[in-house]
Number of protein chains: 2
Amino acid sequence: MDIASLRAQHPDHWKKACAIRVLTLDAVAAANSGHSGMPMGMADVATVLFEKHLNFDPTAPLWPNRDRFILSAGHGSMLIYSLLHLTGYAQATLEELKNFRQWGARTAGHPEYGHLEGVETTTGPLGQGISNAVGFAMAEESLRARWGAKVMDHYTYVIAGDGCLMEGVSQEAIGIAGKHQLSRLIVLWDNNGITIDGKVELSDVTDQKARFAASGWDVFECDGHDPVAIDAAITAAKASPRPAMIACKTHIALGSSAQDTSKGHGALTDKQLIADTRAAYGWENGPFDIPADVKAAWEAIGARGAATRAAWEARLATLPAGKQAEFARIFAGDAPAKLASVIRGVKKAAVDAPKKLATRSASEVVLTAVNPVMGETIGGSADLTGSNNTKTADLGVFDPINRKGRYVFWGIREHGMAAAMNGMALHGGVRPYSGTFMCFTDYARPSMRLSALMQVPVVYVMTHDSIGLGEDGPTHQPVEHLAISRATPNTHVFRPADLVEVAEAWELALSSKTTPSVLALSRQNLAPVRLTHTNQNLSARGAYVLAEATGKRQVILIATGSEVEIAMKAREMLEAEGIGTRVVSMPCMELFAQQDEAYRKKVLPAGPARVAIEAGVQMGWDRWLLGERGKESKAAFIGMTGFGASAPADRLYKEFGITAENAVAQAKALI
Amino acid sequence: MDIASLRAQHPDHWKKACAIRVLTLDAVAAANSGHSGMPMGMADVATVLFEKHLNFDPTAPLWPNRDRFILSAGHGSMLIYSLLHLTGYAQATLEELKNFRQWGARTAGHPEYGHLEGVETTTGPLGQGISNAVGFAMAEESLRARWGAKVMDHYTYVIAGDGCLMEGVSQEAIGIAGKHQLSRLIVLWDNNGITIDGKVELSDVTDQKARFAASGWDVFECDGHDPVAIDAAITAAKASPRPAMIACKTHIALGSSAQDTSKGHGALTDKQLIADTRAAYGWENGPFDIPADVKAAWEAIGARGAATRAAWEARLATLPAGKQAEFARIFAGDAPAKLASVIRGVKKAAVDAPKKLATRSASEVVLTAVNPVMGETIGGSADLTGSNNTKTADLGVFDPINRKGRYVFWGIREHGMAAAMNGMALHGGVRPYSGTFMCFTDYARPSMRLSALMQVPVVYVMTHDSIGLGEDGPTHQPVEHLAISRATPNTHVFRPADLVEVAEAWELALSSKTTPSVLALSRQNLAPVRLTHTNQNLSARGAYVLAEATGKRQVILIATGSEVEIAMKAREMLEAEGIGTRVVSMPCMELFAQQDEAYRKKVLPAGPARVAIEAGVQMGWDRWLLGERGKESKAAFIGMTGFGASAPADRLYKEFGITAENAVAQAKALI
């Protein structure tokens, strides 16, 4: 349908959609950067979605039962900023639109979660939004099953572009959604045939409809500029018993001279082009000036949801007080009051009956105690359930015939799993954790970074955390992965040494409201090192003195996880030679770095030689050891300098010199 | 077809296939670890492939025109080890099979490139092999177009499992192969319906045949135990004008009591189970004992290719001597003799006419000079061609109608791109480089790690390497990514400061035969800092004195890339106050770390205060600065402590304090 026909046939719709288009042109021109074409192309679809389908209330942006709207094609951020402004979200002021992409503005280049109410997730790295959305939809299914449709009953809508669909993670998301028959998930594909480098066909000939259908989706299509066709497609998609994809045929940068070109993808800032486009739209008002009737029409759309929200609140209020409090607690992300005592119980039991245990098994012990008292947890694994020890008996399996199940078989999809966990956590009401081998941090990286950036407290259960994995060899042995996660801002990397520290790490991870946690856990059995009970969570300060030197303190051994046992053995040998040796366990470097200088100096006083032991690369350790400043630093690192190898774990530890004997030798050479 | 019928109808085939099966059982039993089920399930398919189709010669494992066989389902490593042993590869001795998964053995837990001839690529991290294979097939197409079918004319075969197909990267690979109509690529899917957690349907309901077809593949299927059906399917796939996928219906752990179960996926070590399985096979010989007739039959298969290889060598010998030398050079991975003079020319011209230039643009200047003299380069970008500056005018575009083109529009597929580059480099004869935004290192990570582990010298052109990217905001601004690549063993991270250093970095990257390079390049324009010409490649030592202190040296400023300009400005300000200041440019930390202590101390002598400036996280810098050992270290770091923000680049540098003024203040506080 051409512009003239659209204007003539649907004049009211046209004006509302053009409000999005001109705000986009205006904001991009003001910023002199941004992406004009996508909002201009998808304005009609978004208008119909917000006007006729999306259940939302700008006065209550966090209302738990709202429909979720996710702009997976995050570069088209002016689409959502325009929508939030027009429908009346208080934070989305005209001033913010004018400050698009400027320092301190809520209107960042890509939509950033936490910057602006109404933005449900951070998007921009392509493929993430559609994959988050799978998690949103799973959270909704889970909560609906367990709390009833009375309090949880909503849709998740996604706008995705060709970039999202080309990223591999989208396939993982499509597979998960298809398997789980997530019928409340509706993806609106901006089928404009254009990418940055040119036409889509330069790099892809995939029949997207056939691809989605192959994974159990229902597929619809529409002219993405015809409001009647759009409405019909969304209506049909909502009625489908499967996840639905609607192929919306659109023109990128509609109505401009850059229409249907890759130029149209980027920032359209040419004055004449903008003027011509406004003329083609029949738009007479100046920049950032929306005609009163159009503004009123949009505000009416924004006002549509208040009654629905009020009705929902009335329904919620009919729940028993205890259930209402529980509902509020899980959506606030607060840990249950019982968590602390459960953790203390695990710690006490561990000390009462110490035994050799892999920390991955220790993690299962903790989860077995925690999951029954923390109904909001949802566990899972990327096809390594028996190895990651993530499934506890009480959880049940989440699938289409048991929506109440709290364990997800994610399949071999680490990236999709991580992205979906982000979505679950952002949805609220659930607290996801899931596992894979630590080496496959690599596969999940893009989503792990977004956990940190968005400040969502998901838990990554990364087992087989070193060469201790053994025979599977270097492709499966993490070496640089502790450093990778530690280098990432706002990420807590826990590498606990035994069951007590594992319990402490889980307590910290499950209590966090703003920081994702990576739990690095051993495959191999470890001797317990925490042999006396304390209620205090010693891991909370990141590092602490595990064993003090007898007599004059000449050496400090610092270690994490599976190497704490080695440090303790080395201490014994050094002490036997009369060399006073302290052992510091450092389960979380980031938390230790956050302590005040006094505490840090108390744990790591100047003077003694320092030897750090960790079966990973040195990067990250120098801060606690030395610079290139000379031998006065009296420090050494025992770990890996390259990739691992395939052999039994004991042999690898010996061959790579990660032994108590080597620690003793290094320490003696320094003092 | 049941075992009894198979044995009865195809007794010779059965015995050959069972040789693989029993060697697998024996080696896994000896190692007491490994994966038995996959080789037992796919033995028939592999036997038919090697017997009737694969063009190979065990006496010449690196013969350039051999067919490539890639075991994407790398956990089934005993399949390829058995095949290499049975067909007579010298390195694949019986002793090696007996030492499966042991220290120093060539038979690692997963197939490791470089450990054992006949292993074309390292597999194990799922989805990598099938994605490497796309690169192998592209290299073959490219070389066939440019050198003629006389010297390059082979197939690439892949065995992939459900794990490979669930990983998102496989979708990227499928999309690339479909677009490019890689008709010499044949994927044999081990359709056994089982993953580690149980049945595939626990996590996936995808119709894989429909999925491949949706991206332009031809799809075939066969009973994966019936040699006639397998042969027919492979024959049809070879004739197809498109990439082909053969769905091979198989039984994992065929013939054992663990058949068709997830238990069968892992190590079958139970003695009774093994004995029963051997009995079911009708196998009477003991462990590692292959009957003479079966051994002879396999050796005949191994001998099949010698004549073909000899004929190829005769054809190669008909080329002009210069062409033969060139063919040998590109397959040896040697840089052309001209490279050095071309680089010197670029450096000289840069110094003669210094100007402000983004290092990504500088990279284009270098490639414009290099590509015409280095015909083996193949460039590309993950849909950011204009931003990554990776396309030079002479390359032409690789696609089905122009196989001679040397530029690839990869689409929005960083992971698939990286994996395919690995495949290209492993194939030999081509030297791939490709670009994306540096932040999307995250998407490519699994394959970037494998570049390092396999020692393939691909080049990652990572532009927009800091907050200097500006308005696109924190999702697009790398902060931890320099640290991530630096933490990875055997990876050279170059962060050049201007055109001269960019030329030096490219020279080092394109001369490497064993190390991948990451080029971190700026979006924003930078002032040149190398103002006098030298033929010497100063970047080769990793760091060097760019500007010496006037008078007493009190401060050393160390910087990389876009921050070298800031360091130079700070030096000017400090010198103006009479504070002698040296500036060290450190374009490659890894190369500097490899220098002897004398050189390192010459560049970074003890004494002066040190201030490092880099718009990334501190991790990795402490080695060159200080530990937690107290103020005597006299050092400071100026960089990022968290994620970036959306705003113009200049503003971000000011807000985050990455300025000459701050460097001056920090330096003065230290002295």
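Quick caveat, the model's predicted, so the values are computed rather than measured.

Novice: Before we go on, may I ask you to explain the overall build of chain A in this structure?
Specialist: Broken down by element type, chain A carries 26 helices and 20 strands. In terms of overall size, chain A behaves like a compact globule, its C-alpha atoms giving a radius of gyration of 28 Å where 671 residues would be expected to give roughly 26 Å. Once the C-alpha set of chain A is aligned to its principal axes, its extents read approximately 95 × 55 × 45 Å. Across the 671 residues that make up chain A, the buried fraction comes to 68%. In chain A, once contacts between residues fewer than 6 apart in sequence are set aside, the share between residues at least 24 apart is 79%. Element-wise, carbon and sulfur atoms account for 52% of the exposed surface of chain A, whose accessible area totals about 19,900 Å². Charged side chains in chain A number 67 positive and 70 negative. The centres of these two groups are separated by 6 Å.

Novice: Explain the pattern of salt bridges to me, please; I cannot follow it from the model alone.
Specialist: Opposite charge on two side chains makes pairing possible when the charged atoms of those side chains draw close. A full pass over the atoms with the stated rule returns 80 salt bridges over all chains. A:Glu480 serves as the salt-bridge partner of B:Arg449, at 2.8 Å between the closest nitrogen and oxygen. Taken together, the residues span two chains, with B:Arg449 in helix α19 (residues 441-454) and A:Glu480 in the loop between β12 (459-463) and α20 (481-487). The class for B:Arg449 is buried, based on a relative accessible area of 4%. A single salt-bridge network, built from bridges that share partners, covers A:Glu140, A:Glu141, A:Arg144, A:Asp153, A:Arg184 and A:Arg403.

Novice: Which parts of the structure should I look at to understand the relation of the copies chain A and chain B?
Specialist: One copy of the chain maps onto the other through a rotation about an axis followed by a shift along the same axis. The transformation that overlays chain A on chain B combines an axial shift of 0.0 Å with a rotation of 180°, and the residual RMSD is 0.0 Å. Look at the turn and shift together and you get a two-fold axis relating the two. Of the C-alpha atoms belonging to chain A, the one lying closest to the rotation axis is found on A:Gly168, 1.9 Å away. A symmetric contact is evident, with 100% of the interface residues of chain A recurring at the interface of chain B.

Novice: Would you explain the interface of chain A and chain B in this entry?
Specialist: Note: interface size is frequently given as the accessible area lost on complex formation between the parts. At the interface, 106 residues of chain A touch 106 residues of chain B. At the boundary of chain A and chain B, one finds ten salt bridges. We note a salt bridge from A:Asp442 to B:Arg445, for which the minimum N-O separation is 3.0 Å. Taken together, chain A and chain B are joined by 48 residue pairs in polar contact (both at pLDDT 80 or more). Elements that contribute at least two residues to the side of chain A that touches chain B include exactly α7 (162-166), α8 (168-179), α9 (208-214), α17 (385-388), α18 (414-427), α19 (441-454), α20 and α25 (649-655) of chain A. Looking at the side of chain A that touches chain B residue by residue, the class counts come to 42 nonpolar, 35 polar and 29 charged.

Novice: Looking at this structure, I do not really get the UniProt feature "active site" (unreviewed entry) in chain A. What am I missing?
Specialist: Here the UniProt feature "active site" (unreviewed entry) sits at A:Glu414. Mapped onto the elements of the fold, A:Glu414 is located in helix α18. You can call A:Glu414 buried: its relative accessible area is 3%. In this structure A:Glu414 touches A:Glu172, A:Ala382, A:Thr436, A:Phe440, A:Tyr443, A:Ala444 and B:Glu167, once residues within four positions along its chain are discounted.

Novice: Help me understand helix α2 (residues 11-31) of chain B in this model?
Specialist: Because each turn of an α-helix spans 3.6 residues, side chains separated by three or four positions in sequence point in the same direction. Relative to the 30 Å expected for 21 residues at 1.5 Å per residue, α2(B) spans 30 Å between its end C-alpha atoms, a close match to the ideal helical length. Along α2(B), 16 of the 21 residues are buried, which leaves the element largely enclosed by surrounding structure.

Novice: It is not clear to me how the packing of aromatic side chains should be interpreted in this structure. Could you clarify?
Specialist: Each pair of aromatic rings is reported with the distance of its centres and the angle of its planes. Taken as a whole, this structure holds 38 aromatic pairs over all chains when the rule is applied. Measuring from centroid to centroid gives 5.9 Å for B:Trp14 and B:Tyr281, while their planes differ by 75°, and the two rings are edge-to-face. One end of the pair, B:Trp14, is in helix α2; the other, B:Tyr281, is in helix α11 (residues 271-281), with 267 residues separating them in the sequence. Residue classification places B:Trp14 among the buried residues on the basis of a relative accessible area of 3%. B:Tyr281 sits in the buried class, given a relative accessible area of 2%. By way of ring pairs, the aromatic residues A:Trp63, A:Trp147, A:Trp312, A:Phe327 and A:Phe331 are connected into one cluster. Across from the ring centre of A:Tyr281, 5.9 Å away, lies the NZ or CZ of A:Arg21, which sits over that ring.

Novice: Help me out: how do you make sense of unusual backbone geometry in this one?
Specialist: Residues other than glycine predominantly adopt negative phi, and peptide bonds predominantly adopt the trans conformation. Residues and elements named next belong to chain A. Phi angles above zero are rare outside glycine, and asparagine 32 is one such case at about 55°. In this fold, asparagine 32 is placed in the loop between α2 (11-31) and α3 (37-53). Overall, the relative accessible area of 55% leaves asparagine 32 in the exposed class.

Novice: Mind showing me how you'd approach the domain arrangement of chain A here?
Specialist: The domains assigned to chain A are domain 1 (3-310), domain 2 (337-520) and domain 3 (539-669). A separation of 52 Å is found between the C-alpha centroids of domain 1 of chain A and domain 3 of chain A.

Novice: Please clarify how the sheet that holds strand β10 (residues 407-409) of chain B should be interpreted in this entry.
Specialist: In any sheet, the strands associate via hydrogen bonds between backbone groups, in a parallel or an antiparallel arrangement. All names here are of chain B. Taken in spatial order, the six strands of this open sheet run β10-β9-β11-β12-β14-β13, and their pairing is parallel. At either end of the open sheet lies a strand with only one pairing partner, and these are β10 and β13 (492-494). Averaged over all adjacent pairs, the angle separating strand axes in this sheet is 20°, with direction ignored. Of the pairings in the sheet, the one linking strand β11 (residues 431-437) to strand β12 (residues 459-463) comprises five bridges and is parallel in character. Residue pairing across strands places glycine 435 opposite valine 461, the latter belonging to β12. Taken strand by strand, α19 contacts β11, β12 and β14 (517-521), and its axis lies near 160° from that of β12.

Novice: Can you help me understand the confidence of the model for chain A in this one?
Specialist: Residue and element names in this part refer to chain A. Confidence along chain A averages 97 in pLDDT terms, with 99% of residues attaining 70 or more. Predicted confidence for residues 627-631 stays below pLDDT 50, and this span has 16 contacts to residues more than four positions away or in other chains. Complex prediction metrics read pTM 0.98 and ipTM 0.97.

Novice: Teacher, can you tell me more about the UniProt feature "binding site: thiamine diphosphate" (unreviewed entry) in chain A here?
Specialist: On the UniProt side, "binding site: thiamine diphosphate" (unreviewed entry) is annotated at positions that read A:His75, A:Gly124, A:Pro125, A:Leu126, A:Gly163, A:Asn192, A:His265 and A:Phe440 here. An extended arrangement is adopted by the annotated residues: their sequence extent is 366 residues, and the largest C-alpha distance between any two is 34.3 Å. Relative to the helices and strands, A:Gly124 is located in the loop between α5 (94-98) and α6 (128-147). Not counting the four nearest positions on each side in its chain, A:Gly124 is found in contact with A:Ser72, A:Gly74, A:His110 and B:His476.

Novice: I tried to follow the packing of α19(A) against α19(B) on my own but got confused; where do I start?
Specialist: When two helices pack together, you describe them by how their axes are tilted relative to each other and by the distance separating the axes. Interhelical geometry of α19(A) versus α19(B) gives an angle of 160° and a closest axis separation of 7 Å. In terms of orientation, α19(A) and α19(B) fall into the roughly antiparallel class. For the crossing formed where α19(A) meets α19(B), the hand is right-handed. Within the contact between the two elements, α19(A) uses A:Asp442, A:Tyr443, A:Arg445, A:Pro446 and A:Arg449 and α19(B) uses B:Asp442, B:Tyr443, B:Arg445, B:Pro446 and B:Arg449. Residues of the contact of α19(A) with α19(B), tallied by class, amount to four nonpolar, no polar and six charged.

Novice: What is the right way to look at the side chain of B:Ser256 in this model?
Specialist: Residues and elements named next belong to chain B. Of note, serine 256 is situated in the loop between β7 (244-249) and α11. In this structure serine 256 comes out as buried when scored by relative accessible area, which is 8%. In terms of polar contacts, serine 256 uses its side chain to reach the backbone carbonyl oxygen of alanine 253, at 2.8 Å. Not counting the four nearest positions on each side in its chain, serine 256 is found in contact with Met40, Leu268, Leu273 and Thr277.

Novice: Could you clarify how one ought to interpret the pairing of strand β11 (residues 431-437) of chain A in this entry?
Specialist: A regular strand places its side chains so that they alternate between the two faces of the sheet. Residues and elements named next belong to chain A. Counting buried positions along β11 gives seven out of seven residues, so the element sits mostly inside the fold. Pairing of strand β9 (residues 377-381) with β11 involves three bridges; the strand directions are parallel. For serine 381, the partnering residue across the bridge sits in β11 and is glycine 435.

Novice: Would you explain helix α21 (residues 499-511) of chain B in this entry?
Specialist: All names here are of chain B. Between the first and last C-alpha of α21 there are 18 Å, a value that for 13 residues agrees with the 18 Å anticipated at 1.5 Å per step. Of all 13 residues making up α21, eleven are buried, and the element is well covered by its neighbours. Buried residues of α21: Leu499, Val500, Glu501, Val502, Ala503, Glu504, Ala505, Trp506, Glu507, Ala509 and Leu510, and no others. The distance from a side-chain oxygen at the start of α21 to the backbone nitrogen of valine 500 is 3.1 Å, and the residue carrying that oxygen is aspartate 498.

So, how was this worked out
- Residues numbered from 1 in each chain as written.
- Chains lettered and ligands numbered in written order.
- Predicted model: local features only at pLDDT ≥ 70, side-chain atom pairs only at ≥ 80, totals over all residues.
- Heavy atoms only, no water.
- Helix = DSSP H or I, 4+ residues; strand = E, 2+ residues; numbered from the N terminus.
- Rg over C-alpha atoms; globule rule 2.2 N^0.38 Å.
- Buried < 20%, exposed > 50% of the residue type's maximum accessible area, 1.4 Å probe, protein only.
- Contact = heavy atoms within 4.5 Å.
- Areas by Shrake-Rupley, 256 points an atom, 1.4 Å probe, with all protein chains shown as cover.
- Lys, Arg positive; Asp, Glu negative; His and termini not counted.
- Charge placed at Lys NZ, Arg CZ, Asp CG, Glu CD.
- Salt bridge = Lys/Arg side-chain N within 4 Å of Asp/Glu carboxyl O.
- Least-squares fit on C-alpha atoms with pLDDT ≥ 70 in both.
- Polar contact = N/O pair within 3.5 Å; in protein donor to acceptor, adjacent residues only side chain to side chain.
- Nonpolar A, V, L, I, M, F, W, Y, C, P; charged D, E, K, R; others polar.
- UniProt positions renumbered as here; feature names shortened; annotations may be inferred.
- Expected span 1.5 Å × (residues − 1).
- Phe/Tyr/Trp six-rings, centres within 6.5 Å; stacked < 30°, edge-to-face > 60°.
- Lys NZ or Arg CZ within 6 Å of the ring centre and 35° of its normal.
- Domains from an automatic or database assignment.
- Pairing = 2+ DSSP bridges.
- Axes fitted to C-alpha atoms, helices over the stretch in contact; angles between N-to-C directions.
- pLDDT = per-residue confidence, 0-100.
- Parallel < 35°, antiparallel > 145°, perpendicular 65-115°, else oblique.
- Left-handed = near helix turned anticlockwise from the far one by under 90°.

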